[in-house]
Amino acid sequence: KEAQSTALSLAISQGHGPDSPHAKQAQEDARKAILESDSVGDPPLSELGREEARKAKSTLERLIATHNLPHVEEVWVSPLQRTMQTAATIFPESSSPYDSTEKCSDISTSTSSSSTIRPPIIRVKKEIEERQTGYACDTHSSFTEVRRRMTFKQFSVSSLKMHDLALDGKSGKNARSRSAPEPFIVEEKHMLRERTKKLFNLLAKTECRSICVIAHKGYLRELERGPMGKVDAEMFQNCEVRVYRLHLDGMDSSAEVEDGVIEGIDDLKGEIVIKQAEKIAESRIKNEQLLDE
């Protein structure tokens, strides 16, 4: 956005109107230059992004109070730095994911009128990461790099650790055992739409019933227009908030909850699908995503 703003200012100073073809092309060229730059790897939020995240925090709190929604039990966030910083801004306090006594039911019993509310657990989920474009700006940092950041010290980053271990396993321990690296495949939109279905399996496996998902425009677009059946859904604005009540189909009534996880879900036949996705609140003034299951 900053690059596009600079390009627009330059075009205007050269005598072009803000809506002229030249100005629009200059902004698009500036956007592409940032995307394709290898020097912009996993960038942080800009100051504008931080301000939008602060507004998202206020908006989410207002929606919870206005619609008498349950407070967020867990936050699931994409592993890119900008989304994790958004999560840290909206939820400056979070519960430790390593506290064995912490259960979603401890939080879900609290309503917007409660005086004491346990902070949510923030979990980094690779399943909801940005579309795999091959650009440096869409490639997340390693587990080790993320773990060094004090901002994310309370985050559960086990999915990143497992990802790095898998990469280490593929590369081998020494030169003799190493195979040629797998070719990178750009994730097309239809592939991303298929990946969004994994979110429902994650929802089916958790005891939590109020989850905030902080992801990316492309991911959320394919999630809504695809498996959620909202074919006319508008593109998300930065940090926009939309609240859904989801009804999942494919759950086994014999599955039991143990330590906050639905046991027996892996034995189910077929995939978990959305039976109904009811939008119960939204904000078109720049704020992110809450899923209320």
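For clarity, every value in this text was computed on a predicted model and none was experimentally measured.

Draft legend 1. Up close: the overall build of the protein chain. The helix and strand inventory of the protein chain stands at ten helices and eight strands. Relative to its 293 residues, the protein chain shows a buried fraction of 41%. Restricting the contact set of the protein chain to residue pairs at least 6 apart, pairs at least 24 apart contribute 78%. For the protein chain, the computed accessible surface area is about 16000 Å², with 50% contributed by carbon and sulfur atoms.

Draft legend 2. Structural detail: the confidence of the model for the protein chain. When the pLDDT values of the protein chain are averaged, the result is 81; 76% of them are 70 or greater. Of all the helices and strands in the protein chain, strand β6 (residues 261-263) carries the lowest mean pLDDT, 40, while strand β1 (residues 74-77) carries the highest, 97. Counting interchain partners and residues more than four positions distant, the pLDDT-below-50 stretch residues 174-178 has three contacts. Below a pLDDT of 50 lies the segment residues 252-269, which in the model reaches 24 contacts outside its immediate sequence neighbourhood of four places, other chains included.

Draft legend 3. Structural detail: the pairing of β1. Here β1 shows no split at all, with E74 and W76 on one side and V75 and V77 on the other all buried. Pairing between β1 and strand β2 (residues 121-124): four bridges, direction parallel. Each bridged residue has a counterpart across the sheet, and for E74 the counterpart in β2 is I121.

Draft legend 4. How the structure looks around the packing of helix α8 (residues 189-196) against helix α10 (residues 217-225). Orientation of α8 relative to α10, taken along the N-to-C sense of each, is 70°, at an axis distance of 8 Å. The angle between the axes of α8 and α10 places the two elements in the roughly perpendicular class. Residues K189, L192, R193, R195 and T196 of α8 form the contact with α10, whose own contacting residues are G218, Y219, R221, E222, L223 and R225. Considering only residue class, the contact of α8 with α10 consists of three nonpolar, two polar and six charged.

Draft legend 5. Geometry of the environment of P119. Mapping P119 onto the fold places it in the loop between α5 (104-108) and β2. Between the C-alpha atom of P119 and that of V72, which follows or precedes it by 47 residues, the distance is 8.0 Å.

Draft legend 6. Just the packing of aromatic side chains, in detail. Under the definition given, this model contains one aromatic pair. Ring geometry for F152 against F155: centres 5.3 Å apart, planes inclined by 40°, an arrangement best described as tilted. Given the relative accessible area of 2%, F155 is considered buried. In this structure, K125 is placed above the aromatic ring of W76, and the distance from its NZ or CZ to the ring centre is 5.0 Å. Its guanidinium or amino end placed over the ring of F236, R242 lies 3.7 Å from that ring's centre, counting from NZ or CZ.

Draft legend 7. Spatial organisation of the pattern of salt bridges. Considering all chains together, one arrives at 15 salt bridges under this definition. Taking the shortest distance from any N to any O, the salt bridge between R82 and D138 comes out at 3.1 Å. Pair noted here: R82 is in helix α4 (residues 81-90) and D138 is in the loop between β2 and α6 (143-148), with a separation of 56 residues, a long-range link. For the pair formed by R82 and D138, the shared burial category is buried.

Draft legend 8. How the structure looks around helix α1 (residues 2-13). In a regular helix each residue adds 1.5 Å, so twelve residues correspond to 16 Å; α1 covers 17 Å between its end C-alpha atoms and thus fits that length. Within two residues after α1, G15 carries a phi angle of roughly 100°, on the positive side.

Draft legend 9. Structural detail: helix α3 (residues 47-66). With 20 residues, α3 ought to run about 28 Å at 1.5 Å a step, and its terminal C-alpha atoms sit 29 Å apart, in line with that. Of all the residues in α3, the buried ones are G49, E52, A53, A56, T59, L60, L63 and I64. The buried residues of α3 occupy an angular sector of 130° when projected down its axis, which confines them to one face. In α3, those exposed residues whose orientation departs by more than 90 degrees from the buried face are A65 and T66. Two residues or fewer past α3, N68 is found with a positive phi of approximately 55°.

Draft legend 10. Just unusual backbone geometry, in detail. If you check the backbone angles, D42 has positive phi at about 45° while not being a glycine. Inspection of the secondary structure assignment puts D42 in the loop between α2 (21-35) and α3. For D42, a relative accessible area of 4% puts it in the buried group. One non-glycine residue, C239, adopts positive backbone phi at about 60°. Within the secondary structure layout, C239 lies in the loop between α10 and β4 (241-249).

Draft legend 11. Examining the environment of A7 more closely. By the element assignment, A7 lies in helix α1. Between the C-alpha atoms of A7 and Q27, which are 20 residues apart in sequence, the distance is 5.5 Å. With residues up to four places along the chain from it excluded, the contact list for A7 reads A26, Q27 and A30.

Reading guide: rules and limits
- Residues numbered from 1 in each chain as written.
- Predicted model: local features only at pLDDT ≥ 70, side-chain atom pairs only at ≥ 80, totals over all residues.
- Heavy atoms only, no water.
- Helix = DSSP H or I, 4+ residues; strand = E, 2+ residues; numbered from the N terminus.
- Buried < 20%, exposed > 50% of the residue type's maximum accessible area, 1.4 Å probe, protein only.
- Contact = heavy atoms within 4.5 Å.
- Areas by Shrake-Rupley, 256 points an atom, 1.4 Å probe, with all protein chains shown as cover.
- pLDDT = per-residue confidence, 0-100.
- Pairing = 2+ DSSP bridges.
- Axes fitted to C-alpha atoms, helices over the stretch in contact; angles between N-to-C directions.
- Parallel < 35°, antiparallel > 145°, perpendicular 65-115°, else oblique.
- Nonpolar A, V, L, I, M, F, W, Y, C, P; charged D, E, K, R; others polar.
- Phe/Tyr/Trp six-rings, centres within 6.5 Å; stacked < 30°, edge-to-face > 60°.
- Lys NZ or Arg CZ within 6 Å of the ring centre and 35° of its normal.
- Salt bridge = Lys/Arg side-chain N within 4 Å of Asp/Glu carboxyl O.
- Expected span 1.5 Å × (residues − 1).
- Arc of directions from axis to C-beta.

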